[in-house]
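Take a look at the letters that make up each chain.
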Amino acid sequence: MSLVFSEETHRNLLSRIPHCTGREVAEWLRKLDDGPSFLRFDEKVSWLRAEYDLAYGHAKALVHEHDMRRAARRLK
């Protein structure tokens, strides 16, 4: 599953996550690191939604951000 919304929308979603969830983005990214080892994007999104009752857009933005940061770490 690819990112369907624009980079601007992605950034806006990320900026609203702390207000909407009461948790910082970094905390959510750690939860993805520590959570189940799903390989597929949509499995990670579904897990966040089921486990933490996140909105679809927020879960998708978090998984996308997590995957981008993980890919950037591998390039270093």
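An account of the accompanying structure is given in this report. (Residues numbered from 1 in each chain as written. Predicted model: local features only at pLDDT ≥ 70, side-chain atom pairs only at ≥ 80, totals over all residues. Heavy atoms only, no water.)

Points about the overall build of the chain
Within the chain, the secondary structure is distributed over four helices and zero strands. Element order for the chain, N to C, with α for helix and β for strand: α-α-α-α. Taken over the C-alpha trace, the chain has a radius of gyration of 12 Å; the compact-globule value for 76 residues is 11 Å, and the two agree within 12%. When the backbone C-alpha atoms are referred to their principal axes, the chain occupies close to 30 × 25 × 20 Å. (Helix = DSSP H or I, 4+ residues; strand = E, 2+ residues; numbered from the N terminus. Rg over C-alpha atoms; globule rule 2.2 N^0.38 Å.)

A word on the nonpolar core
Within the largest apolar cluster, 17 residues are counted, with the highest numbers of intra-cluster contacts made by Leu32, Leu48 and Leu62. Contributions of two or more residues to this core are made by α1 (7-21), α2 (25-34), α3 (41-52) and α4 (56-75). With sequence-adjacent residues up to four places away left out, Leu32 is seen in contact with Lys44, Trp47, Leu48, Leu62, Val63 and His66. (Core = buried A, V, L, I, M, F, W, Y, C linked by side-chain atoms within 4.5 Å. Buried < 20%, exposed > 50% of the residue type's maximum accessible area, 1.4 Å probe, protein only. Contact = heavy atoms within 4.5 Å.)

Some details on the packing of aromatic side chains
Applying the stated criterion across every chain yields a total of two aromatic pairs. Taken together, a centroid distance of 5.2 Å and an interplanar angle of 80° make the contact between Trp28 and Tyr52 edge-to-face. Residue Trp28 is found in helix α2, and its partner Tyr52 is found in helix α3; the two are separated by 24 residues along the sequence. Overall, Trp28 belongs to the buried group, its relative accessible area being 2%. Residue classification places Tyr52 among the partly exposed positions, given a relative accessible area of 26%. For the ring pair Trp47 and Tyr52, a centre distance of 5.6 Å and an interplane angle of 90° mean the geometry is edge-to-face. Members of the aromatic cluster, each reached through a chain of ring pairs, are Trp28, Trp47 and Tyr52. The ring of Trp28 has Arg23 lying over it, and the distance from NZ or CZ to the ring centre is 5.0 Å. (Phe/Tyr/Trp six-rings, centres within 6.5 Å; stacked < 30°, edge-to-face > 60°. Lys NZ or Arg CZ within 6 Å of the ring centre and 35° of its normal.)

Describing α2
By the burial criterion, the buried members of α2 are Val25, Trp28, Leu29 and Leu32. Around the axis of α2, the buried residues are gathered within 100° of arc, so they sit on the same side. Contact partners of the buried residues in α2: α1, α3 and α4. (Arc of directions from axis to C-beta.)

Distances and angles like these do not, on their own, reveal function.
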